[in-house]
Amino acid sequence: MNTNIAVVSYNSDWPHQFNKEKQAILAHLSKENVAALHHIGSTSVPQLCAKPIIDMLLEVNDLDKLDIESEKLRDLGYEIMGEFGIAGRRYFRKGIASRTHHLHAFLAGSDGVKRHLAFRDYLINLRFG
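Before going into details, it helps to say that this report is about the structure given with it. Because the structure is predicted, anything quoted here is derived from the model rather than measured. (Residues numbered from 1 in each chain as written. Predicted model: local features only at pLDDT ≥ 70, side-chain atom pairs only at ≥ 80, totals over all residues. Heavy atoms only, no water.)

**A short note on the layout of surface pockets**
- Roughly 180 Å³ of internal volume is contained in the second largest pocket.
- In terms of lining residues, the second largest pocket is bounded by Ile-40, Gly-41, Ser-42, Lys-51, Asp-55, His-102, His-104, Arg-115, His-116, Phe-119 and Arg-120.
- Of all the secondary structure elements, the ones that give two or more residues to the lining of the second largest pocket are strand S5 (101-107) and helix H3 (111-128).
- When the residues that make up the lining of the second largest pocket are grouped by side-chain class, the tally is 2 nonpolar, 5 polar and 4 charged. (1 Å grid on protein atoms, 1.4 Å probe; cavity = no way out; pocket = protein on both sides within 12 Å on 5 of 7 lines; lining within 4 Å. Points joined across faces, edges and corners; volume = space filled by probe spheres on them. Helix = DSSP H or I, 4+ residues; strand = E, 2+ residues; numbered from the N terminus. Nonpolar A, V, L, I, M, F, W, Y, C, P; charged D, E, K, R; others polar.)

Now the structure itself:
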């Protein structure tokens, strides 16, 4: 198992990669359950060096409905990881040999959502505030 972590210079294509994946995810999940899908993590901060993995935050209205639809994410290449150590979260990762995307899902407006968005916004404000 490779335990090396690569941190690379900012890639101006990261927002495009996020938007492309966002459209694919939204096309596979029920519109009634998805409240929002955000780009988070270091790749969401312009000009910040980062691990080249697109981190996303999915806000849903019902985690049980997301659990039922999880196979649709598997069809997009995601591995279904369950809560993966954080209560109230559903975690999915994409890319076997080389990880490309992480998808964290929480109930809309939950503390998990607020925490992830606050950290992203903190990094952006630290860079540009």
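The discussion continues.
**A word on the pattern of salt bridges**
- Taken as a whole and judged by the stated rule, the model has 7 salt bridges.
- Between Glu-69 and Lys-72 there is a salt bridge; the shortest N-O distance is 3.4 Å. Taken together, the residues Glu-69 and Lys-72, both in helix H2 (residues 63-74) and 3 residues apart, mark about one turn of the helix.
- Given a relative accessible area of 36%, Lys-72 falls into the partly exposed group.
- Within the structure, one salt-bridge network assembled from shared partners comprises Asp-67, Glu-83 and Arg-90. (Salt bridge = Lys/Arg side-chain N within 4 Å of Asp/Glu carboxyl O. Buried < 20%, exposed > 50% of the residue type's maximum accessible area, 1.4 Å probe, protein only.)

**Thoughts on the environment of His-101**
- If you trace the backbone, His-101 turns up in strand S5.
- Assessed through its relative accessible area of 9%, His-101 is described here as buried.
- Sequence-distant contacts of His-101, defined by excluding residues within four places in its chain, comprise Gln-17, Glu-21, Ile-53, Ile-54, Met-56, Tyr-78, Phe-92, Arg-93 and Lys-94.
- Within the structure, the side chain of His-101 is placed 2.8 Å from the side chain of Thr-100, a separation counted as a polar contact. (Contact = heavy atoms within 4.5 Å. Polar contact = N/O pair within 3.5 Å; in protein donor to acceptor, adjacent residues only side chain to side chain.)

**Quick notes on the sheet that holds S5**
- One open sheet holds the 5 strands; their spatial order is S1-S2-S5-S4-S3, and the pairing between them is mixed. The open sheet has two edge strands, strand S1 (34-40) and strand S3 (78-80), and neither has a second partner. Each adjacent strand pair in this sheet contributes to an overall mean axis angle of 25°, direction not counted.
- Bridge count for S3 against strand S4 (residues 90-94) is 3 bridges, and the pairing is antiparallel. Bridging across to S4, Glu-79 finds its partner in Arg-93. (Pairing = 2+ DSSP bridges. Axes fitted to C-alpha atoms, helices over the stretch in contact; angles between N-to-C directions.)

**Observations regarding the pairing of S4**
- Burial of S4 is extensive: 5 of the 5 residues sit out of reach of the surface.
- Of the two faces of S4, the one carrying Arg-90, Phe-92 and Lys-94 and the one carrying Tyr-91 and Arg-93 are both buried.
- The pairing of S4 with S5 spans 5 bridges and is antiparallel. From the neighbouring strand, Phe-92 faces S5, where its bridge partner is Leu-103.
- Hairpin connection, S4 to S5: the antiparallel pair is bridged by 6 residues, and Gly-95 has positive phi, about 100°.

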